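Now for the letters of each chain:
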Amino acid sequence: MADAVKADENVQSLKNLAHRLRILSIDATNKCNSGHPTSCSSMAEIVSVLFFNEMRYKLSEPRDPASDRFILSKGHSAPILYAAWAEAGLFPVSDLDNLRKLDSDLEGHPTPRLNFIDVATGSLGQGLGVAAGMAYVGKYLDNADFRTYCLIGDGESAEGSIWEALNFASYYKLDNLVAIFDVNRLGQSDPTSLAHDMDTYKNRLESFGFHALVIDGHDVQALLSAFQEAKLTKGKPTAIIAKTFKGKYFPEIEDTEGWHGKPLGERGPAAIEAIKKLVTDFDFKPVPAAPSEAKLHPVDAANIKLSEPPAYKVGDKVATRVAYGTALVKLNSDRVVALDCDVKNSTYSEKLRKINKLRHIECFICEQNMVGVGVGVGCRGRTIPFCSTFATFFTRAYDQIRMGAISQSNLNFVGSHAGVSIGEDGPSQMGLEDIALFRTIPNCTVFYPSDAVSAERAVELAAQLPDMCFIRTSRPNTAVLYDNAELFEVGKAKVVKKSEDDKVLVIGACVTLEEALVAFDKLAGEGIHIRVMDPFTIKPIDAAGILANARECAGKIITVEDHYPEGGLGEAVLSAVAECPDIIVKKLAVPRIPRSGPPADLMDLYGISARSIVDAVKSMI
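Residues numbered from 1 in each chain as written. Predicted model: local features only at pLDDT ≥ 70, side-chain atom pairs only at ≥ 80, totals over all residues. Heavy atoms only, no water.

Under an unreviewed UniProt entry, the chain has the name transketolase and belongs to Notodromas monacha. Quoted verbatim from the Subunit (unreviewed entry) field of the UniProt record, the comment on the chain reads "Homodimer." Quoted verbatim from the Sequence similarities (unreviewed entry) field of UniProt, the annotation for the chain is "Belongs to the transketolase family." (UniProt positions renumbered as here; feature names shortened; annotations may be inferred.)

Encoded structure:
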């Protein structure tokens, strides 16, 4: 009998707390005159039950690696998430008054500027992929009992990235993952496509291999029972499909169109008074569930190194994509993880899979989800993730990459099959805009190694860096240029050929650096001397090194790249010398959409071969 009374009291307390969270969301959005209080209200009971009954976490360490995870995929409902943490005691409730203010980290959508947020959300449809990555680490790499919860809006559930994540979670049997769908019927401008068709939601999720539960999302007891059932479900992830109402308990606003993304304004006080009447106890102090006692230690990325140096002979022909796979295996940490999209035998990430299958995550042909999973895999210092595919296919995941940067992710990208040098496969397979893409990503280092030695060192440096990195690898075998003991640094170029009488500085990378070296020999035979530079990183570019060498070459630079003219190596160099009127830059790049053909013929046709470099040098001098 006593247990039943206690259970009833717990249910009522969680109801009261849900109403308090609603009131705080209304108040905070009214004070900043912006936000989404109606979207917050539909999920109030879900958040109340999660944060004060279900999840285990530490207020002293909100990102404790052993604690449960919560991803708010519908990031526009941030006010109620902030309110939950405030009610838990992480910071004063009065801080909610600073929502969306310039000097406050309580931003309109969550970002990891806050110590209780793992990833940025707000670009919809991405949270579940991240959550799946977290769950994968917990189940297969940490062997830990933390659980991952992802709250998804019904509107964003139309995104293909959600369905990619569902497929991934089911395939890997992530029974430590719970996807919660807040089905409040209304989108921003219209009702959602399924509205409250709960049977269709259930059928679709079951077809993806989820244990699917349809409940009343405002029924605390139903939520408690659903989360308990999820814990008992083994071998498959759980989806809780919660039927809710936007603006729940807001008079004349509940389940009404036209209130998305709007504070209640003058209707706020009346809504607050109506909700207060539903609260039976204003004075109780909510207590979070007991935290996990497990201990998990973050990866020490700074000490990750190649277990042995590169082992090549100068002049040998080795593709940089092959060296990438070799380096993955040699990194001295069992926390280095590779993700791929069914091209592992082309990117050579399969080398790691042959060593440890659990550390190689096959994402199949779902590049958007691979990036989301990669972000999740790296969260809370659990792993050093490397995502690889053909360079051009990262363009379809640009939004996930962009959000990964906002999430302060440590994700490393490796794009192979770059440029026309891949040959006969044709333009759909040629990465010709990848450098431009990654140069626009804040805090992202862009490596373009020119041989196998520098490729291995690029992988080593990327593993050590705390922010995002992109490594461009190539399909053709190229000559090893450097001794195995050569040192490489981010932002430091290498001068490969030079003399005291150089007329032009030629800057190329990998296949075009090889062409530049051929041009060097041809021009030298005619008594014309050029200096040849390997940039190693395109971002940051070695501005000081480029300027110093260019001034020793009569202020003349030629850049040559297997990339479109926009945003690549040439424009990185132009940016470096933009304020120097004594420097002239001529860009050689792929000027238009290419066609299929042999690599050497394509490079010559599109003006990035040795012949084109020779002609460009002669035109400048």
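So, next bit.
Caption draft 1: Looking closely at the sheet that holds strand E4 (residues 211-216). Spatially, five strands are ordered E1-E2-E3-E5-E4 in an open sheet, and the strand pairing comes out parallel. Edge positions in the sheet fall to strand E1 (69-72) and E4, since each has one partner strand and no second. Neighbouring strand axes in the sheet, compared pairwise and without regard to direction, differ in orientation by 20° on average. Of the pairings in the sheet, the one linking E1 to strand E2 (residues 148-153) comprises four bridges and is parallel in character. The partner of Arg 69 across the bridge, within E2, is Thr 148. (Pairing = 2+ DSSP bridges. Helix = DSSP H or I, 4+ residues; strand = E, 2+ residues; numbered from the N terminus. Axes fitted to C-alpha atoms, helices over the stretch in contact; angles between N-to-C directions.)

Caption draft 2: Highlighting the environment of Ala 179. Checked against the element boundaries, Ala 179 lands in strand E3 (residues 177-183). Judged by relative accessible area, Ala 179 falls into the buried class, the value being 0%. Along the backbone, Ala 179 and Leu 328 are 149 residues apart, and their C-alpha atoms lie at a distance of 32 Å. (Buried < 20%, exposed > 50% of the residue type's maximum accessible area, 1.4 Å probe, protein only.)

Caption draft 3: Local environment of the packing of helix H5 (residues 127-141) against helix H6 (residues 160-171). In contact at an axis separation of 8 Å, H5 and H6 are set at 20° when each is read in the N-to-C sense. Relative to H6, H5 is oriented roughly parallel. Here the hand of the crossing between H5 and H6 comes out left-handed. Counted together, Leu 128, Gly 129, Ala 132 and Tyr 136 of H5 and Ile 162, Ala 165, Leu 166 and Phe 168 of H6 form the full contact between these two elements. (Parallel < 35°, antiparallel > 145°, perpendicular 65-115°, else oblique. Left-handed = near helix turned anticlockwise from the far one by under 90°. Contact = heavy atoms within 4.5 Å.)

Caption draft 4: Local environment of the sheet that holds strand E12 (residues 469-472). Sheet architecture is open: seven strands sit in the order E8-E7-E9-E10-E12-E11-E17, paired in mixed fashion. Of all the strands in the sheet, just strand E8 (360-362) and strand E17 (537-539) have a single pairing partner and so form its edges. The mean angle between the axes of side-by-side strands here comes to 20°, regardless of whether they run parallel or antiparallel. Bridge count for strand E7 (residues 336-340) against E8 is three bridges, and the pairing is parallel. Bridge pairing in E8 links Ala 338 to His 360. Where helix H10 (residues 320-330) meets the sheet, its contacts fall on E7, strand E9 (384-390) and strand E10 (412-416), and the angle it forms with E9 comes to roughly 160°.

Caption draft 5: Here's a closer look at the domain arrangement of the chain. Partitioning the chain into domains gives domain 1 (1-277), domain 2 (316-480) and domain 3 (494-619). The centre of domain 1, based on its C-alpha atoms, is set 53 Å off from the matching centre of domain 3. (Domains from an automatic or database assignment.)

Caption draft 6: Region of interest: the packing of H10 against helix H16 (residues 452-464). One can describe the packing of H10 onto H16 by two numbers: an axis separation of 8 Å at closest approach and a directional angle of 45°. By the angle between their directions, the pair H10 and H16 is classed as oblique. For the crossing formed where H10 meets H16, the hand is right-handed. Counted together, Thr 320, Ala 323, Tyr 324, Thr 326, Ala 327, Leu 328 and Lys 330 of H10 and Ala 452, Ala 455, Glu 456 and Val 459 of H16 form the full contact between these two elements. Here the contact of H10 with H16 is built from residues that sort into seven nonpolar, two polar and two charged. (Nonpolar A, V, L, I, M, F, W, Y, C, P; charged D, E, K, R; others polar.)

Caption draft 7: The arrangement of the side chain of Arg 335 in detail. Inspection of the secondary structure puts Arg 335 in the loop between H10 and E7. The exposure class assigned to Arg 335 is buried, which follows from its relative accessible area of 17%. In terms of polar contacts, Arg 335 uses its side chain to reach the backbone carbonyl oxygen of Leu 141, at 3.2 Å. Those residues within four positions of Arg 335 in sequence are excluded, and the remaining contacts are Val 137, Leu 141, Asp 142, Val 299, Arg 382, Thr 383 and Ile 384. (Polar contact = N/O pair within 3.5 Å; in protein donor to acceptor, adjacent residues only side chain to side chain.)

Caption draft 8: Local environment of the packing of aromatic side chains. Taken as a whole and judged by the stated rule, the model has 25 aromatic pairs. Each ring, one from Phe 168 and one from Tyr 172, has its centre 4.8 Å from the other, and the planes form 50°; the classification is tilted. For the pair shown, Phe 168 and Tyr 172 are each scored as buried. By the ring-pair criterion, three or more aromatic residues cluster together here, those being Phe 51, Tyr 57, Phe 70, Tyr 82, Trp 85, Phe 91 and Phe 116. The ring of Phe 146 carries Arg 69 above its face, with NZ or CZ at 3.6 Å from the centroid. (Phe/Tyr/Trp six-rings, centres within 6.5 Å; stacked < 30°, edge-to-face > 60°. Lys NZ or Arg CZ within 6 Å of the ring centre and 35° of its normal.)

Caption draft 9: Focus on helix H4 (residues 78-88). Within H4, 11 of the 11 residues are buried, which leaves it mostly tucked inside the rest of the structure. Those residues of H4 that fall on the buried side of the exposure criterion are Ala 78, Pro 79, Ile 80, Leu 81, Tyr 82, Ala 83, Ala 84, Trp 85, Ala 86, Glu 87 and Ala 88. Looking one or two places after H4, you find Gly 89, whose phi comes out positive at around 105°.

Caption draft 10: Quick look at the side chain of Thr 29. Position of Thr 29 relative to the elements: it lies in helix H1 (residues 2-32). The class of Thr 29 is buried, set by a relative accessible area of 0%. Here Ser 25 takes part through its backbone oxygen, which lies 2.7 Å from a polar atom of the side chain of Thr 29. Beyond its immediate stretch of four places on either side in the chain, Thr 29 contacts Ser 34, Gly 35, His 36, Pro 37, Pro 79, Leu 99 and Pro 263.

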